[in-house]
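# Per-entry structural report
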Amino acid sequence: MRRKLMLTVALCGSCESSDDAFLETKYVRYVTEQPFAPCGGLAADTDLKIENLFDRIGEPYPSKRPITYKWVADNQSLVCLDYAAGCTRMEGDGPIVAALDLAQTHELAHATHFIALGWGNRLLAEGFATYLADQPPALSAESLSSFATDIELMITQGTVATEKQYALAAQFVGVTMERHGIENFKDFWRNVDGTEGLE
């Protein structure tokens with residue numbers, strides 16, 4: 001069962017500051033250079049989102065706080081695509097998220113797949129994050145008619161860059177999960193080289 005989770009965090013400039021410059025939840029260590037701190041509900045909301053994502057893919061929750069989440073002030077602080085609101089990368093200690101918004105489900109889904117499934121093919125990774133964040137828009141009739149061709153093109157180019165491509169990737173991942181089951185999807189993910197096509 002899918003649960004819709006809402007971020008119920010008040011941002012305030014006069015929050016009580018602590019000696020720590022970050023918030024730690026069960027799974028996420030938040031850092032920021034923002035001049036104000038998030039107040040109320042962020043830790044619980046973040047942990048519910050992480051647990052929901054791990055539940056949806058049938059994997060155990062992380063045993064330690066593996067995710068670092070940097071809340072940035074603007075796009076100039078991101079090393080993502082120009083239009084992105086966040087990005088996630090894997091480093092030795094675990095996933096590192098940089099995002100404009102707190103507890104962004106799309107980026108938390110990327111952190112989830114890094115922890116539970118590994119790196120992954122770009123098409124699968126973006127489709128996974130978009131699908132599990134409940135972001136995939138409906139496809140147009142034109143997109144449906146060229147679905148297979150567009151998926152093959154994204155595989156051969158190794159990129160997912162436009163809004164249409166994110167929607168196609170999410171539909172591909174969603175259909176694969178729903179028709180073949182999450183265990184078969186995870187096996188598929190693990191058997192696909194993250195740097196090559198899906199052959």
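Residues numbered from 1 in each chain as written. Predicted model: local features only at pLDDT ≥ 70, side-chain atom pairs only at ≥ 80, totals over all residues. Heavy atoms only, no water.

## Topic: the overall build of the protein chain
Along the backbone of the protein chain there are 7 helices and 7 strands. Across the protein chain, helices and strands are ordered from the amino to the carboxyl terminus as β-β-β-β-α-β-β-β-α-α-α-α-α-α. For the protein chain, the proportion of its 199 residues judged to be buried stands at 45%. Considering only contacts in the protein chain between residues 6 or more positions apart, those separated by 24 or more positions represent 68%. For the protein chain, the exposed area adds up to about 10700 Å²; of that, 51% sits on carbon and sulfur atoms. (Helix = DSSP H or I, 4+ residues; strand = E, 2+ residues; numbered from the N terminus. Buried < 20%, exposed > 50% of the residue type's maximum accessible area, 1.4 Å probe, protein only. Contact = heavy atoms within 4.5 Å. Areas by Shrake-Rupley, 256 points an atom, 1.4 Å probe, with all protein chains shown as cover.)

## Thoughts on the layout of surface pockets
Computed from the structure, the largest pocket encloses a volume of approximately 690 Å³. Considering the residues around the largest pocket, the lining is formed by 32 residues, among which His 106, Glu 107, His 110, Glu 126 and Tyr 166 are closest to the centre. If you list the elements that add at least two residues to the lining of the largest pocket, you get strand 6 (86-91), helix 2 (105-116), helix 3 (122-132) and helix 6 (163-180). The dominant element in the lining of the largest pocket, judged by the number of residues it contributes, is helix 2, at 5 residues. (1 Å grid on protein atoms, 1.4 Å probe; cavity = no way out; pocket = protein on both sides within 12 Å on 5 of 7 lines; lining within 4 Å. Points joined across faces, edges and corners; volume = space filled by probe spheres on them.)

## With respect to helix 7 (residues 182-191)
For helix 7, every residue scored as buried is listed here: Phe 185, Lys 186 and Trp 189. With its buried residues spanning 100 degrees around the axis, helix 7 presents them on a single face. Those residues of helix 7 hidden inside the fold are in contact with helix 2, helix 3 and helix 6. (Arc of directions from axis to C-beta.)

## Observations regarding the sheet that holds strand 6
Strand pairing in a sheet relies on backbone hydrogen bonds. The paired strands run either parallel or antiparallel. Strand order in the open sheet formed by 5 strands is 2-3-5-7-6, with mixed pairing between adjacent strands. If you trace the sheet from one side to the other, it starts and ends with strand 2 (22-24) and strand 6, each paired once. Between one strand axis and the next, the sheet turns by 15 degrees as a mean value, whatever way the strands run. Sheet topology note: the strand 6/strand 7 (residues 94-99) ladder contains 6 bridges and is antiparallel. Its bridge partner lying in strand 7, Gly 86 is registered against Ala 99. In this fold helix 1 (residues 42-56) packs onto strand 2, strand 3 (28-32) and strand 5 (67-71), with an angle of close to 130 degrees to the strand it touches most, strand 3. (Pairing = 2+ DSSP bridges. Axes fitted to C-alpha atoms, helices over the stretch in contact; angles between N-to-C directions.)

The values are spatial; any link to function lies outside them.
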